[in-house]
Amino acid sequence: MRAVLMAGGSGTRLRPLTCDLPKPMVPILNRPIAEHIINLLKRNNIKEVIATLYYLPDVMRDYFQDGKDFGIEMSYAIEEEQPLGTAGCVKNIQQWLDDTFLVISGDGITDFDLQAAIAYHKKKQSKATLILTRVPNPVEFGVVITDEDGRINRFLEKPSLSEIFSDTINTGTYILEPEVLNYLPEKEESDFSKDLFPLLLEKQEPMYGYIAEGYWCDVGHLDAYRDAQYDALEQKVKLDFAYEEKSPGLWVGKNTYIDPSAQIQTPALIGRNCRIGSRAKIEAGTVIGDNVTIGTDADLKRPIIWNGVTVGDEAHLRACVIARGTRVDRRSQVLEGAVVGPLCTVGEEAQIAPSVRVWPSKRIESGAILNINLIWGNTAQRNLFGQRGVSGLANIDITPEFAVKLGAAYGSTMKLGTTVLASRDQRSVSRMVSRSLIAGLMSAGVNVQNLEATAIPISRTLANRLNASGGIHVRLEPNRPDYILIEFFDHKGISISKSKEKKIEGTYFKEDLRRASIPEIGNVAYPDGIIETYSRTFEKHLNVSAIRHSGSKIVIDYVYSVSGAILPQLLAKFGTDAVVLNASLRQNAISGVEKEVLLHQLGQVVEALKANLGVQVSANGEQFILVDESGLPIRGELLTALMVNTILTANPRCTIVVPVHASSAVEQIARRHDGNVIRTKVNPTALMAASQDNPNVVLGGSGDIGFIFPQLHPGFDAMFGIAKLIEMLTIQERSLVQLRSELPTVCHKTYTVRCPWKIKGALMRYLVETHPTENLELIDGVKIINPQNDNWVLILPDAGEPQVHIFANSESRDWVDEHLSQYRQKVQQFIDREQGLVRGDL
């Protein structure tokens, strides 16, 4: 007898497990469901199988091939143009079915006695015999009603509660005579339960129901999938195990190592080539695939783990499903009913809430708590906001639908009818995201002043002048060309506070969005004279005559950014001889490598033209790198020191604001000019706030973040910084090479150590407790200082990654090297001890 294995299903209710796998190939006890069905057919002496395929047909064909390795003869029929339905796919192979044949669904687990059902079929001389079973709740299934002789007289496809007249259901397994297929149309979609069987009833063809004894489970949804695994492990169904039973209830594959200290309860199944770490706890009901690594102290409570998974140290898995190739990092948690699709990464100390589904190839960031399904995008973040705003992969994490919701969340935190500025860089993806944000704001009853493609310093300048309550700016993230960055600022142009960020996040995640009525929907306006307004403010704070008579020649590399459309207009008004490079607009972002190549080219042009200086503008007008007349770049800590020295020379006894990790060259320069230094947290918002809130501040920021000129506006502004530098060089009659030679010599180095999120707080407390109070500064991280000089070490937790950064600063290179090494060792030993890898005191 031949069997037709219906294996075309895509298994939508099993998503995300079936995103790249047809449902019959989903594993039960580390074997595909289809293989268990084939083993059942073999036990019942059915060894010719035709598989009907539609969804991802090559997966099954590649696995079973001709069937010889499985003791059967296997052939395939593929529905290439369209799915033909349960009956249509069998009609499609009618020419191969010239005798009584069996049809069996590819998504069920059963141990029915098929030979007994075949004998019943023949005894009744039936044209179609349905194998039935009894279930407590038939609502999810097709109910079949038979008379006393077993002849079927009625079908109910998934009845309502009021229609339940029987507890016998259709299991999707049929014994058919070939002539019944003549009732079906050619190459049309048709179904056994909805089309063929009602037609056979109508034609009064003999059709019987055989009530089978034994186990049956329709693996049609995720709960049923887990139940089938547990039932099979507890041997409630007769299945062939793939591995040897090493001890009662424990099946283990070849070449698997289990540490002697691991604790395993039975029943449990562990595949081939696995490694089970020390002190791992594996509770009864756990299924582990082939080539799986389980880390030290991992705690597994009945998870179903597919092939090739890595489970980190101290990870906790609770009755979840982890699909093939996924990595679950140290101390992360995947809770009851959660499903993680293939090839995902669950970061350190991340948590996936109960019943959450994660689609394939997604990344859950370290420390993130995921409590909603992750389908679109590729990353689940710890928070919406990072150091500078909301960022993510363009059109993957930051999609139009995400931006609409984010805009609505932001608008919902503001008063109805207020106004917000919107601006962006020139790229199409930024236009798309900006328009989506604007739509969300309008839906919450917020009006929008759309500045369109505008450098962010201009947007910050206009916030107050246009009486806006806040603003958003969309651009590609600096140094990450595939990422979009959405920045939010208040009515003064200062980046919003952490409390405001939390308010927006809370509104977003709780979906507590205000839906304005039709008359309250926000409006969009396009203000005129944007550049002119900024230009007037720009000129007011410059000695224009000094610049105009400077005779300076500068070379400006705009790196294909939006500021290139603005800065030429401003400099032309001052008569500056500017050679412009790369001023055209480009849709794709510049990579870090390309930017370095352009910087090298800039140096060559400056030297060849004997220009006074070169400057590379980036970050949509916020940041710049200088090139001196000899072609050498000035950036980072050197640029910070040079700008501080230049500004304080012109403004002695004034105040400078820098981040806590800036080098001590800043203090040395300030002492020369009787100036003051304020250090802040290492984030743009803190620098902006300190520059605005403290009197007498003339400069804020750093070479890596950008520079703030508080008299102009509260944000970072490379364009004004360039003009101001030309003014200062002219008035002070100095060159960049001369300024560079006058800067203090300070050694400033950094090193990064991986540190789990949950250990960061304990590490900071340990450092505070083990150093005298008089040697501590706690502005951001823990800074160990020497009150007698400028030597210091700073241990700074990273705001977005499971890392800490160690900075060392001194005039002595030997002191820096010694203390950087000492604190690297101290921090690493503490982390190891907290993780249980090292015993004893530091």
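Here the structure is a predicted model, which is why all the values come from computation and not from measurement.

## Topic: the sheet that holds strand 24 (residues 304–305)
- Within the open sheet, the eight strands sit side by side as 14-15-18-21-24-27-30-33. Their pairing is mixed. Each edge of the open sheet is held by one strand with a lone partner, namely strand 14 (244–247) and strand 33 (357–358).
- Relative to strand 30 (residues 339–340), strand 27 (residues 321–322) is paired through two bridges, and the arrangement is parallel. Its bridge partner lying in strand 30, V321 is registered against V339.

## Re the pattern of salt bridges
- Under the criterion given, the structure shown has 41 salt bridges.
- The residue E365 makes a salt bridge to R363 at a minimum N-O spacing of 4.0 Å.
- Classification of E365 as buried rests on a relative accessible area of 15%.
- As a salt-bridge pair, E487 and R460 come within 3.7 Å of each other at their nearest N and O atoms.

## Points about helix 6 (residues 222–233)
- A rise of 1.5 Å per residue sets the reference length of helix 6, with its 12 residues, at 16 Å; its end C-alpha atoms lie 17 Å apart and thus fit the reference within 8%.
- For helix 6, the buried fraction is high: 10 of the 12 residues fall into the buried class.
- Along helix 6, the positions that sit buried rather than exposed are L222, A224, Y225, R226, A228, Q229, Y230, D231, A232 and L233.
- Remark: Q235 follows helix 6 within two positions and exhibits a positive phi of approximately 60°.

## What about the sheet that holds strand 39 (residues 447–453)?
- Sheet architecture is open: six strands sit in the order 37-41-40-38-39-42, paired in mixed fashion. The outermost strands of the open sheet, each flanked by one partner alone, are strand 37 (390–393) and strand 42 (524–525).
- The sheet contact formed by strand 37 and strand 41 (residues 483–490) spans four bridges and is antiparallel. Residue L393 lies in a different strand from strand 41, and its bridge partner there is Y483.

## Side note on the packing of aromatic side chains
- Applying the stated criterion to the full structure yields 17 aromatic pairs.
- An angle of 80° between the planes, with centres 6.4 Å apart, marks the rings of Y120 and Y208 as edge-to-face. One end of the pair, Y120, is in helix 4 (residues 114–124); the other, Y208, is in strand 12 (residues 207–211), and 88 residues separate them in sequence. Each member of the pair, Y120 as well as Y208, carries the same accessibility label: buried.
- Centre to centre, the rings of Y174 and F197 are 4.9 Å apart; their planes meet at 80°, and the pair counts as edge-to-face. Taken as a pair, Y174 in strand 11 (residues 168–176) and F197 in helix 5 (residues 192–202) lie far apart in primary sequence, 23 residues in all. The residues Y174 and F197 share a single accessibility class, namely buried.
- By way of ring pairs, the aromatic residues Y534, F538, F709 and F720 are connected into one cluster.
- One cation-aromatic arrangement involves R302 over Y230; the distance from NZ or CZ to the ring centre is 3.7 Å.

## Quick notes on the environment of S391
- Secondary-structure assignment places S391 in strand 37.
- Its relative accessible area of 16% is what places S391 among the buried residues.
- Residues S391 and L485 lie 94 residues apart in sequence; the distance between their C-alpha atoms is 4.4 Å.
- A polar contact of 3.4 Å, which involves the side chain of S391, links it to the side chain of E477.

## Let's talk about unusual backbone geometry
- The amide bond that connects R15 to the next residue, P16, takes the cis arrangement and shows omega of 10°.
- Within the element layout of this structure, P16 appears in the loop between strand 1 (2–6) and strand 2 (27–28).
- Going from T266 to P267, the amide bond is cis rather than trans, its omega being 5°.
- One non-glycine residue, L343, adopts positive backbone phi at about 60°.
- Within the fold, L343 resides in the loop between strand 30 and strand 31 (345–346).
- Not every positive phi belongs to a glycine, and E733 is a case in point at roughly 55°.
- Secondary-structure assignment places E733 in the loop between helix 18 (718–732) and helix 19 (736–741).

## Regarding the confidence of the model for the protein chain
- In the predicted model, the protein chain carries a mean pLDDT of 90, and 95% of its residues have values of at least 70.
- When mean pLDDT is compared element by element in the protein chain, strand 48 (residues 655–659) scores highest at 98, while strand 36 (residues 379–380) scores lowest at 60.
- Confidence over residues 158–165 falls short of pLDDT 50; this stretch has 16 contacts with residues more than four positions distant or in other chains.
- With pLDDT under 50 throughout, residues 837–842 is counted as low confidence; its partners more than four residues away or in other chains account for 11 contacts.

Parameters at a glance
Residues numbered from 1 in each chain as written. Predicted model: local features only at pLDDT ≥ 70, side-chain atom pairs only at ≥ 80, totals over all residues. Heavy atoms only, no water. Pairing = 2+ DSSP bridges. Helix = DSSP H or I, 4+ residues; strand = E, 2+ residues; numbered from the N terminus. Salt bridge = Lys/Arg side-chain N within 4 Å of Asp/Glu carboxyl O. Buried < 20%, exposed > 50% of the residue type's maximum accessible area, 1.4 Å probe, protein only. Expected span 1.5 Å × (residues − 1). Phe/Tyr/Trp six-rings, centres within 6.5 Å; stacked < 30°, edge-to-face > 60°. Lys NZ or Arg CZ within 6 Å of the ring centre and 35° of its normal. Polar contact = N/O pair within 3.5 Å; in protein donor to acceptor, adjacent residues only side chain to side chain. pLDDT = per-residue confidence, 0-100. Contact = heavy atoms within 4.5 Å.

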